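In case you want the letters, here they are:
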Amino acid sequence: MSYGGSPVVPQQSLAELVTNPLYDSATIANAATQALFFVGANANNLALSNVPLNGQLANPKFARVGGLRLVLAQNIFTGTPSQNLVDITNILFNGFVQMVIGGLKEYITAPAFFFPAGVGVLAQSDVGAAAVGNYSACNGQPIFGSSFRLRHIISLPPMQQFGVRWAMGTGAVALTTTQRAWIVLDAELGRRLLHALEGELV
């Protein structure tokens, strides 16, 4: 997608691409059957989302998506290490992730364990082999390249509705506590260039 040639600099496009992920978060509670992402619920908190509109990029922005990550909050438990590990396992192996554009067309559908975070803290305990201590866990190793990569780019034009949902295949997920999850779309964000003469976006 392009905005055409620049009226200021010949042969220069009016659009520039910057590496900038699109992300949104939602909570997954005990007995939940699904969680929806990019629905505009976190519009005023950049720690939770950078897509302020309801599943849309404001005109004239567009995006080219090359990967998807499912990032789970790394809750710290004091006690046996099984609590967070069981919750993460239930989320990853009892549900699937689906990306839909235009409200109808499915672009990605796969089990949740296909989408490692590639970020976070590796599971560890501060008391060695003892039964009680502080424990944390994450899905996948915190190696940034360890994530689900698309073989073909998905384009998101301006004002085109899109969304991602995590859903249970059957029944409802059993969790020890409510978990927060982020969906991160590894993307290039397209935006208009600054007008060279007027200092305005064109």
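Look a little higher up for the structure.
Each value, and the rule that gives it
- Residues numbered from 1 in each chain as written.
- Predicted model: local features only at pLDDT ≥ 70, side-chain atom pairs only at ≥ 80, totals over all residues.
- Heavy atoms only, no water.
- Core = buried A, V, L, I, M, F, W, Y, C linked by side-chain atoms within 4.5 Å.
- Buried < 20%, exposed > 50% of the residue type's maximum accessible area, 1.4 Å probe, protein only.
- Contact = heavy atoms within 4.5 Å.
- Pairing = 2+ DSSP bridges.
- Helix = DSSP H or I, 4+ residues; strand = E, 2+ residues; numbered from the N terminus.
- Axes fitted to C-alpha atoms, helices over the stretch in contact; angles between N-to-C directions.

1. Quick notes on the nonpolar core
- Within the largest apolar cluster, 38 residues are counted, with the highest numbers of intra-cluster contacts made by Leu 22, Leu 156 and Trp 166.
- Aside from chain neighbours lying at most four places away, what touches Leu 156 is Leu 22, Leu 57, Phe 62, Ala 63, Val 65, Met 99, Ile 101 and Phe 162.
- Among the nonpolar cores identified, the runner-up in size contains seven residues, and Leu 48, Val 71, Ala 73 and Trp 182 belong to it.

2. Concerning the sheet that holds strand S3 (residues 34-37)
- Ordered by their spatial adjacency, four strands build an open sheet running S3-S11-S6-S7, and the pairing between neighbours is antiparallel. Strands at the two margins of the open sheet, each flanked by one partner only, are S3 and strand S7 (105-111). Neighbour-to-neighbour, the strand axes of the sheet open up by a mean angle of 15 degrees, direction not taken into account.
- Strand direction decides the pairing type here: strand S6 (residues 95-101) and strand S11 (residues 162-168), joined by seven bridges, are antiparallel. Within S11, the residue paired with Val 100 across the bridge is Gly 163.

3. Comments concerning the side chain of Ser 25
- Mapping Ser 25 onto the fold places it in strand S2 (residues 22-28).
- Setting aside anything within four residues of it in sequence, one finds Ser 25 in contact with Phe 37, Asn 42, Leu 48, Arg 180, Ala 181 and Trp 182.

4. Examining unusual backbone geometry
- A cis amide bond links Asn 59 to the next residue, Pro 60, at an omega of 15 degrees.
- Counting through the fold element by element, Pro 60 comes out in the loop between S3 and strand S4 (62-72).
- With phi around 70 degrees, Ala 31 is a residue other than glycine that occupies positive phi space.
- Within the secondary structure, Ala 31 is located in the loop between S2 and S3.
- Its identity as a non-glycine residue notwithstanding, Phe 38 has a phi of 65 degrees, on the positive side.
- Here Phe 38 lies in the loop between S3 and S4.

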